[in-house]
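# Descriptive structure summary
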Amino acid sequence: MVELSQEQIEKLKALGRTQKENLIKMGEDFKEKVKNFKASIYTCNATSCHSGGAASVLDAFRESLAATGLESDVRVVCTGCMGLCASGPLARVEIKGKKPVLYQHVTPDMARVIVSEHVVPALKTEGEIKTSDYLKKQELSLDLPFFTKQRKIVLRLLGHSDPEDLGEYIANGGYQGLMKALTMKPEEVLDIIKKSGLRGRGGGGFPTGTKWEMLAKSPLVDGEKFMICNGDEGDPGAYMDSCILGGGSHAVLEGMMIGAYATGATSGWFYIRAEYPLAIQRMELAIKQAKRYGILGRNIFGTDFNFMADIRYGAGAFVCGEETALMSSVEGKRGTPRPRPPFPTQKGLFQKPTAINNVETLANVGPIMVNGPEWFSEVGTATSKGTKVFAITGKVKHSGLVEVPMGTTVGEMVNDIGGGTSSGKPFKAVQTGGPSGGVIPASELHMPLCYEELKKIGSMMGSGGMIVMDQDDSMVEIAKFYLGFTVDESCGKCAPCRIGGYQMLQLMKKIADGKGTKADVAKIKEIGNAMKKASLCGLGQTAPNPVLSTMKFFKNEYDALLIDGNEPDAPAEKEVKACNINTKK
Amino acid sequence: MADDKVKIQEDTRKMLVKWKTKRGSLIMALHEIQGAFGYVPWDSMEVVAEELKIPMAQIYSVLTFYNHFKLTAPGKVVISICDGTACHIKGGQSVIEAFEKELGVPAGTTTEDGLFYIQIVRCLGCCGLAPVVVVNGKTYGRVTPLDAPKIVAEWRETMAKEGA
């Protein structure tokens, strides 16, 4: 940045103070504005509902309200994800003083009926509103366990606000975390994050406070240090980050800025998948608004804190979710990982100290600053604090985006929140962690969802993908599918992943075709263990997980496909040769 | 063709103005080029090399590393079929096969008439609608193999109307 004179800095600080006041006023103005509305219609326009036609539903609401002359009494809000994606497009009608009503599978025609049968009578007549059976059928109870068992921190504003309205974000407590942080010393902010017990939500579970402390200790290089937000959600079948960025971009930006203040970072980068146009568009808008209202820039809110942020698009490479590969991609190169150490907090983006945090992690930071570390650490288990967002999909009735306290059991997720299998057939297993995770069989429904327990069972938290499978799904097939994915996505830099993955896949195909033997299963385990220990990055280290965990829990399914499946197992070898690789780093 | 080359290179040069001064902007520049042309033409690459002072070999290595970038022009109608996990277990594979059969070309290729291009994608973020197919930005949810001929026919008609 250009050096400024003391006088110029003072001027900027004065401007910053005014901008802060203006922001607070913006929130007040918003509250004043919505006071006059007698009702609100919240319509979900996140990716899933949008794909289902939510945009034309919104138009239908607006048009029919205008036709009845109620447009100034009813606020139509285009919101972020409401969660129950399988029932989309969703719309929630909130009449002042009455219980909210949620409608599913809303079409433009239905929207007109909602206005004429529900909204108009509610505002123009006294007493009970009687809607037709046509509408009644599409009502979704808000008392479903899907809604009541959730605890929302990250998703609290999604589905309840207009993500493009900065005033609404401020009115809901937005940027207060940042304002509070800026009145403290950076070490005090670090302390709060450490005390909260917040851990990385991208899968690894590394304590966020510790990571930030490492960055804080690294000196500036050429006057720079960076924050990166990892929005390269590559797990196929998971879309948490997409919705958080699309419905709460300001919250993610705020989290990053609090981190930057605590660590002394000078600028930040959002790395977002190009496949998420809505997330990109909303983040671009958030940055534009933040620049315009003095949230980003120099002498923010009249302090000495300067920060800028920019966006970089991913380009379809799963490996770029790995932090060293991601940095390489932000630099505009091929996304190949490199060995650690040096850790990114020492030598990261453009060889300068960098902290990389997941989207959901950052979205937790603002609320922690506002409410305090104890408020956060009260939720969850002994070692996994707070909540976790999951995208529960596959063969489950209530497929969608949910946020639950850490420690919620698999059974509660699948049976209560998920409402059981969509087919009505017996539940078989759930896969967490996507292609890097493993299966949790029906026998483990009591297992609490937290970092340690999931690791113990041979899966991982991952970023929050959760695929439910019923008895019709072949575990061998699903393991082969995931392995095929990681083999496709292997960057090819290190041999264990490039060659090991490929060979393993050939053996898996052989088994799936009914031509495999027990010797092939042993070989797969051997290769898998070698990959786990010797691969350069997380992609290769975790690629064997789906295969190894299905072999562990669904051995019978593999045996049924093997030529010699009925014969007794060979005695287990004490130490597989490949395990002798020295893993000291 | 010579005129095309001049036009492409001129357009590319204009797009690069804002990226020239920013570090690490190669991928962003390539995104913008593909956004404009539907793929990254060789003629553009030459200009990128010149303007951003990056060797052609490096540009090519980046383009071929990432799935998103295309080196040849795709068909006018791009059919993206999701094979993410949620779509896969709900029958995504059979949907892919149905489209391949309907159009007579394997995924990743363009039909001979240059009209349709089939690509397999990994998760479009609307798993609630699985299996999902997106055609030129229009989303079809809960697609079955039987829908493939209907969707193709719909787009044939649309394109015929537009005089393509």
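Sequence order sets the numbering: in each chain, residues are counted from 1 along the sequence as written. Each chain takes a letter, starting from A, and each ligand takes a number, starting from 1, following the order in which they are written. It should be noted that, the model being predicted, local features are given only for residues of pLDDT at least 70 and side-chain atom pairs only at 80 or more, the latter also being counted only at that level, while totals for whole chains, interfaces and linings use all residues. To get the side-chain values, all heavy atoms of the structure are used, and hydrogens and water are removed first.

### Brief notes about the pairing of strand β1 (residues 39-44) of chain A
Residues and elements named next belong to chain A. Using the following cut-off: Exposure categories follow from relative accessible area, calculated using a 1.4 Å probe and restricted to protein chains: below 20% of the type maximum is buried, above 50% is exposed, and the middle band is partly exposed. In this text, helices come from DSSP runs of H or I with a minimum length of four residues, and strands from runs of E with a minimum of two, each type numbered from the N-terminal end. Strand pairing is assigned whenever DSSP identifies at least 2 bridges connecting the two strands.
Of all six residues in β1, six are buried; the element is thus mostly enclosed. Along β1, one buried face is formed by Ala39, Ile41 and Thr43 and the opposite face, lined by Ser40, Tyr42 and Cys44, is buried too. Where β1 meets strand β3 (residues 91-95), five bridges bridge the pair, whose relative direction is antiparallel. Directly across from Thr43, in β3, lies its bridge partner Ala91. Inspection of the sheet shows β1 paired to strand β2 (residues 74-79) by six bridges, in the parallel sense. Residue Ala39 lies in a different strand from β2, and its bridge partner there is Val74.

### Describing the packing of helix α2 (residues 26-37) of chain B against helix α3 (residues 42-52) of chain B
Residue and element names in this part refer to chain B. As a reminder of what qualifies: Where helices are involved, their axes are fitted lines through C-alpha atoms of the stretch in contact, as for all axes, and angles between N-to-C directions lie from 0 to 180°. For classification, angles of less than 35 degrees are called roughly parallel, those exceeding 145 degrees roughly antiparallel, those between 65 and 115 degrees roughly perpendicular, and all remaining angles oblique. Left-handed is the label given to a crossing in which the near helix is rotated counterclockwise from the far helix by less than a right angle, and right-handed is the label when the rotation is clockwise. Any two residues whose heavy atoms approach within 4.5 Å are treated as being in contact.
At their nearest, the axes of α2 and α3 sit 12 Å apart, and the two run at 150° to each other. Accordingly, the angle class assigned to the pair α2 and α3 is roughly antiparallel. Where α2 crosses over α3, the handedness of that crossing is right-handed. Each of Leu26, Ala29, Ile33 and Phe37 in α2 lies in contact with α3, whose residues at this interface are Ser44, Val48 and Leu52.

### Structural notes on empty space enclosed by the protein
Residues and elements named next belong to chain A. The test is simple: In this analysis the probe radius is 1.4 Å and the grid spacing 1 Å, with only protein atoms considered; a cavity is a set of points the probe fits into but cannot get out of, a pocket is an open set with protein on both sides within 12 Å along at least five of seven lines, and lining residues have an atom within 4 Å of a point. Grid points are joined across faces, edges and corners, and a volume is the space filled by probe spheres set on the points. Amino acids outside the nonpolar list (Ala, Val, Leu, Ile, Met, Phe, Trp, Tyr, Cys, Pro) and the charged list (Asp, Glu, Lys, Arg) are all regarded as polar, and Gly is one of them.
For the structure on display, the rule yields three cavities of 30 Å³ or more. Here the largest cavity is characterised by a volume of approximately 140 Å³. Along the wall of the largest cavity there are 15 residues; nearest its centre are Leu157, Ser161, Tyr169, Gly247 and Gly248. Of the voids in this model, the second largest cavity is the one considered here, and its volume is about 80 Å³. The wall of the second largest cavity is formed by 13 residues, among which Pro337, Cys491, Cys494, Cys497 and Cys537 lie closest to the centre. Only α20 (495-512) and α22 (538-542) provide two or more residues apiece to the lining of the second largest cavity. Per-class residue counts for the lining of the second largest cavity are eight nonpolar, three polar and two charged.

### What to know about the confidence of the model for chain B
Just so we agree on the cut-off: Per-residue confidence from the predictor is given as pLDDT, running between 0 and 100.
Averaged over all residues, the pLDDT of chain B equals 93, while 98% of them reach at least 70. Ranking the elements of chain B by mean pLDDT puts strand β4 (residues 138-140) of chain B last, at 90, and helix α4 (residues 56-65) of chain B first, at 97.

### Points about the sheet that holds strand β13 (residues 438-441) of chain A
Residue and element names in this part refer to chain A. One open sheet accounts for five strands, arranged β11-β10-β14-β12-β13; its pairing is mixed. Strands with a single pairing partner mark the edges of an open sheet, and in this sheet they are β11 (400-405) and β13. Averaged over all neighbouring strand pairs, the angle between strand axes comes to 30°, with direction disregarded. As defined by bridge partners, strand β10 (residues 387-394) adjoins β11 across six bridges and the pair is classed as antiparallel. By the bridge assignment, Ala391 is partnered in β11 with Leu401.

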